[in-house]
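# Analysis of the macromolecular model
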Amino acid sequence: MAEKTSSFSNRVRTPIQSTLSAIVVKNVYQHYGSGRGRLDVLKGIKMQVPQGSIYGLLGSSGCGKTTLLRCCLGRLSFEKGTIITCGKPPLSKGHGIPGPMVGYMPQETALYGEFSIKETMKYFGILHGMKSDEIVKQRDFLIDLLRLPPAKSIVGNLSGGQKRRVSFAVALLHSPPLLILDEPTVGVDPLLRMKIWEHLGDIARGGETTIIITTHYIEEAKQAHIVGLMRNGVLLSESPPLELIAHHRLNSLEEVFLKLCMREVTAENEEASADLIVKIDDGKNSAKQTEKEEVISFQNGITNSSKCDEEDAVMTEPDERTSLLGHNTKTGKSSSSSSSCCSGPRLTIVTAMVFKDMIKLIRNPMGLFFSFLVPLIQACLFCVCIGNDPTDLAMATVNGDTTPLQFGQQFLWNLDNNTIIQHPKENISVAVASAKAGNEWGTIDIPSNYSYYLIERFSGNIDNDTVSGSTIYVRLDQTNQQVYLTLQLRISDAFERFLEDLVQQYPMINPATVQVPLVFDDPIFGDDSTNFRDFMAPGIIACIIFFLAVSLTSVTFVVERKEGLLDRAWVAGVSALEVVISHAFVQFIVMTVQTTVVLVFILSVFDIANEGSLLLVVVLALMQGIVGMGFGMLISSISDNEVVAMQASLGSFFPLTLLSGIIWPLEGIPYPFRYFCLIMPQSYAVEALRGILGRGWNITFFSVYMGFISSFAWIIILLGIAALAMRLKR
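Only a predicted model underlies this, so the values are computations on that prediction, with no experimental measurement involved. Here, residues in each chain are numbered from 1, in the same order as that chain's written sequence. Local features in this predicted model are restricted to residues of pLDDT 70 or higher, and side-chain atom pairs are both shown and tallied only at a pLDDT of 80 or more, whereas totals for entire chains, interfaces and linings draw on every residue. Hydrogens and water molecules were not included; the side-chain quantities draw on all heavy atoms of the structure.

## Comments concerning the sheet that holds strand β1 (residues 21–32)
Pairing between strands is defined by DSSP: at least two bridges between them are needed. For the purposes of this entry, the term helix denotes a DSSP run of H or I that reaches at least four residues, the term strand denotes a run of E that reaches at least two, and both are numbered from the N terminus. Across the sheet, 3 strands lie side by side as β2-β1-β4; this open sheet has antiparallel pairing. Strand pairing shows two members of the sheet lacking a second neighbour, β2 (39–50) and β4 (80–85), which therefore form its edges. Taking the axes of each pair of neighbouring strands and ignoring which way they run, one obtains an average angle of 15° across the sheet. Pairing of β1 with β2 involves 9 bridges; the strand directions are antiparallel. Paired with Val25 across the bridge in β2 is Met47. The contact criterion used throughout is that any non-hydrogen atoms of two residues lie within 4.5 Å. The convention used is that axes are lines fitted to C-alpha atoms, helices contributing only their stretch in contact, and that angles between N-to-C directions extend from 0 to 180 degrees. Its contacts with the sheet place helix α2 (residues 65–72) against β1, β2 and β4, and it is angled at close to 60° to β2.

## Here's the deal with the nonpolar core
The term nonpolar core refers to a set of buried residues drawn from Ala, Val, Leu, Ile, Met, Phe, Trp, Tyr and Cys, joined through side-chain atoms within 4.5 Å. Here's how the labels work: a residue is buried when its accessible area is under 20% of the maximum for its type, exposed when over 50%, partly exposed in between, all with a 1.4 Å probe on protein chains only. With 129 residues, the main nonpolar core has Leu127, Leu181 and Leu200 as its most contacted residues. Per element, the largest residue contribution to this core is 13 residues, and it comes from helix α18 (residues 532–553). Residues contacting Leu127, with those up to four places away along its chain left out, are Ile349, Ala352, Met353, Ala572 and Val574. Grouped together as the second largest cluster of nonpolar side chains are 30 residues, Val49, Leu76, Met230 and Val571 included.

## Section: unusual backbone geometry
Residues other than glycine predominantly adopt negative phi, and peptide bonds predominantly adopt the trans conformation. Residue Ile97 is joined to Pro98 through a cis peptide bond whose omega torsion reads -5°. Within the secondary structure layout, Pro98 lies in the loop between β4 and β5 (102–105). For Ser175, which is not a glycine, the phi torsion comes out positive at approximately 50°. In this fold, Ser175 is placed in the loop between α5 (160–172) and β6 (178–182). The exposure class assigned to Ser175 is partly exposed, which follows from its relative accessible area of 25%. Phi angles above zero are rare outside glycine, and Asn449 is one such case at about 55°.

## Concerning the pattern of salt bridges
Whenever Lys or Arg places a side-chain nitrogen within 4 Å of a carboxyl oxygen from Asp or Glu, that contact is recorded as a salt bridge. For the coordinates displayed, the defined rule picks out 16 salt bridges. Measuring nitrogen to oxygen at the nearest pair gives 3.7 Å for the salt bridge that ties Glu440 to Lys425. Of this pair, Glu440 sits in the loop between α14 (428–436) and β17 (442–446) while Lys425 sits in the loop between β16 (420–424) and α14, and the two are 15 residues apart along the sequence. Taking relative accessible area as the criterion, Lys425 reaches 25% and is therefore assigned partly exposed. Look at the salt bridges and you will find they share partners, linking Lys356, Asp357, Lys360 and Glu560 into a network.

## A look at the state of the cysteines
To count as a disulfide, a pair of cysteine sulfur atoms needs to be within 2.5 Å. By the definition in use, this model includes 0 disulfides. No disulfide involves Cys380; its sulfur sits 7.0 Å from that of Cys383, the nearest cysteine. For Cys380, a relative accessible area of 21% corresponds to the partly exposed category. For Cys383, a relative accessible area of 3% translates into the label buried.

## Section: the packing of α18 against helix α23 (residues 642–659)
Packed helices, taken two at a time, are described by their axes: the angle between them and the distance between them. Where α18 meets α23, the closest approach of the two axes is 11 Å, and the angle between their N-to-C directions is 160°. Our classification of the angle between α18 and α23 gives roughly antiparallel. The two elements α18 and α23 meet at a crossing, and its hand is right-handed. Residues Cys543, Phe546, Phe547 and Val550 of α18 form the contact with α23, whose participating residues are Ser649, Ser652, Phe653, Leu656 and Thr657. For this classification, the nonpolar set comprises Ala, Val, Leu, Ile, Met, Phe, Trp, Tyr, Cys and Pro, the charged set comprises Asp, Glu, Lys and Arg, and every other residue, Gly included, is treated as polar. When the residues that make up the contact of α18 with α23 are grouped by side-chain class, the tally is 6 nonpolar, 3 polar and no charged. Any angle that is under 35 degrees is reported as roughly parallel, and any over 145 degrees as roughly antiparallel; angles of 65 to 115 degrees are reported as roughly perpendicular and all others as oblique. Each helix crossing is assigned a hand: it is left-handed if the near helix lies turned anticlockwise from the far helix by less than a right angle, otherwise right-handed if that turn is clockwise.

## Some thoughts on the sheet that holds strand β15 (residues 393–399)
Ordered in space as β16-β15-β17-β18, the 4 strands form an open sheet in which the pairing is mixed. On the outer flanks of this sheet lie β16 and β18 (473–476), each paired with one strand and no other. Here the strands of the sheet are splayed against their neighbours by 25° on average, with no regard to which way each runs. Sheet topology places β15 next to β16; 5 bridges connect them, and they run parallel. Counterpart to Met395 in the pairing with β16 is Gln422. Strands β15, β17 and β18 of the sheet are contacted by α14, whose axis makes an angle of about 170° with β17.

## Quick notes on α23
Here, expected helix span is obtained from the residue count minus one, scaled by 1.5 Å. Helix length check: α23, at 18 residues, gives a terminal C-alpha distance of 26 Å against a target of 26 Å (1.5 Å per residue), a fit within 8%. The sharpest bend along α23 comes to roughly 30°, located at Phe653, with the proline Pro655 sitting one to four residues further on. Taken together, the buried positions of α23 are Ala645, Ser649, Ser652, Leu656, Thr657 and Leu659. On the buried face of α23, the contacting elements are α18, α19 (556–562), α22 (614–638), α24 (671–678) and α25 (683–695). Capping the start of α23, Asn641 holds a side-chain oxygen 3.1 Å from the backbone nitrogen of Val643, two or three residues further along. Positive backbone phi, at 75°, marks Gly661, one or two positions downstream of α23. Bend at a residue means the angle formed by two fitted axes: the first through the 7 residues ending at that position, the second through the 7 residues beginning there. N or O atoms within 3.5 Å of each other form a polar contact, as long as, within protein, one can give a hydrogen and the other can take it, and as long as residues adjacent in sequence are counted only when both atoms are side-chain atoms.

## Brief notes about the packing of helix α3 (residues 117–127) against helix α4 (residues 132–145)
The N-to-C vectors of α3 and α4 enclose an angle of 130°; their axes lie 10 Å apart at closest approach. By the angle between their directions, the pair α3 and α4 is classed as oblique. Pair α3 / α4 crosses with right-handed handedness. Contacts between α3 and α4 pair Ile117, Lys118, Met121, Lys122, Gly125 and Ile126 from the former with Ile135, Arg139 and Ile143 from the latter. Classifying every residue of the contact of α3 with α4 gives 5 nonpolar, 1 polar and 3 charged.

## Considering a negative patch on the surface
Patch criteria: residues need more than 30% relative accessible area and no salt bridge. Like-charged residues are merged within 9 Å; nonpolar side chains of Val, Leu, Ile, Met, Phe, Trp and Tyr are merged within 5 Å. For accessible areas, the Shrake-Rupley method is used with a probe of radius 1.4 Å. Any residue's cover is judged against the shown protein chains and nothing else. Charge counting follows a simple rule: Lys and Arg are positive, Asp and Glu are negative, and His as well as the terminal groups are ignored. Taken as the charge centre is NZ of Lys, CZ of Arg, CG of Asp or CD of Glu, depending on the residue. A cluster of acidic side chains, namely Asp521, Asp522, Asp527, Asp528 and Glu611, defines a negative patch on the protein surface. When you line up the elements, Glu611 lands in the loop between α21 (576–605) and α22. You can call Glu611 exposed: its relative accessible area is 53%.

## A few points about the environment of Leu454
Within the secondary structure layout, Leu454 lies in helix α15 (residues 450–459). Considering only alpha carbons, one finds Leu454 and Phe407, 47 residues apart in sequence, at a separation of 8.5 Å. When neighbours within four sequence positions are excluded, Leu454 is seen to be in contact with Phe407, Ser470, Phe498 and Leu502.

## What about a nonpolar patch on the surface?
Judged by side-chain polarity, Met366, Phe369, Phe370, Leu373, Ile377 and Leu381 come together as a nonpolar surface patch covering roughly 540 Å² of accessible area. By the secondary structure assignment, Phe370 is in helix α12 (residues 365–385).

Below, the structure is given as structure tokens:
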């Protein structure tokens, strides 16, 4: 085994004779923050990675390794400088970086826990444009190479080390010309680590694959062709590891790294603005001071002087460079055919993303419960709890009518016993005190000799005493408007019934004298059974569907971004538009079920009136769901973590509900503010639903077609801004 390892190490460390560079970095600067919080991450860094080599990038956490790699992949913009990756700047039109030309393994495992290993390989294989038989062949090979569990194993059930090996397999799956591996051997046993390095050496030996690998195992990096030692955004050394050890006359690469770090610290203390760049030149230490740079280089086929010459050649000969580096010779596919810079969404990519979202949904039981059962519960709770008249309302009654006619008692008998519970009191003072103590909702005071005074009033002998003595006095608690209106209506109805009984008992009373000279004919829309529930039902339909869509999408991208899943998709060449389209398609399926459940229970089970076209109701409800989805995507695309996303989605619920006329008519809002309310995503849609359900209007009515126009406009605006925000967030 020792001989095998030694032989392998010698083969891997064989100097690369290629005159082409897979990556050239020249004077790149990058910082985070501003002012006192400014942090310079890359400080004029220069790096050259020859094609077909294994490049070990070493450095402590926070030194800028990941930032540098993200810049090389086009995942992060930089302040100034030049980067050429596989022949062109990243994100160039028709280029495969990001895209199929690169295999990327981030620091996070960046895998979907709901997937099996087989499904994981299939998903990423489709993203990279592989055929089914190629995916199966590579999958079986990598499972054997990396000693992975069976293909049907669920990723979420694997150990941390197994997940990292699956993540490594994903990067190797499509045999890209550029491999960027961030800590691929963490948690891997030494024998498997040796096998991984042997495989990396095999795929790099043909000169077609370039590998950049970061590792905390500094001594392990001796198996790379070149190591770049990085500290505080500066590349301290870029040399073959054995020659670097020999030059410094030390025993290990770790000791060399420590020595170079100490030298840089000394140089920083002597001259803070100096850049220290260490190179290897012909085995001799020849220091050169040019523009305050200390350059020490060794001649090994990748000299410092040839580096700049080669970069100039790379910059001035794009045709040759593209022909050599812009084509994946292992897959035989041009990178331009599947670049992320394509003009529109690609069906295969969208299909893969839909496949991913569907599996995540199906394998998340709580998500399915939330998606399909919660709208049912919300619809039922609304119909059961809203719109019913208050009952069992206590009223303190004082009946001072002790005459034999007992008109006062007849009036009290006509009160609705289901709504009003009578609490008789001795006098009005006691009744008021009891009501003020919160025992009753109000008082009913019937004066003494009420019956005689009422007869006098009907007889036409009217004076102040008659008017006062024939009047029933009611005092109500108006802090609860709905209870107040209910009591007022029920007491008025009771008095009308009482007067009807009097007219029948005493024919001498002229019926005209007991009738109010105001008649309400049959309603234009609705009927006598229409209540507050019918008013709110259209708004509740739109509200449930809208905010369920918001809740389902507002954290999706945040979680995927946090776990590195979106980052891996971007590197694979997936566009923001493709992510939005695929997610919208899956959510549309979910919303169709949600809309069906909500409408069936509200319109059929609870018999909410629908005088218009059910098709218009369904289409408008679905459009409101898509508007909510767009709003959720926008929140998710601009939020940095789940807490911010949840606060934004929950915080928007109450304002949008109030401003959209769901709870209270827009006509009750002051005019200057009413115009602002009308542009809310749900305002016109709610009014359109009220027109369809309650009035039977069709698409030709203004409020109805404005609901459709407004919803369509908000769909375009929100989804467009969400896609743009995701693109900028990349």
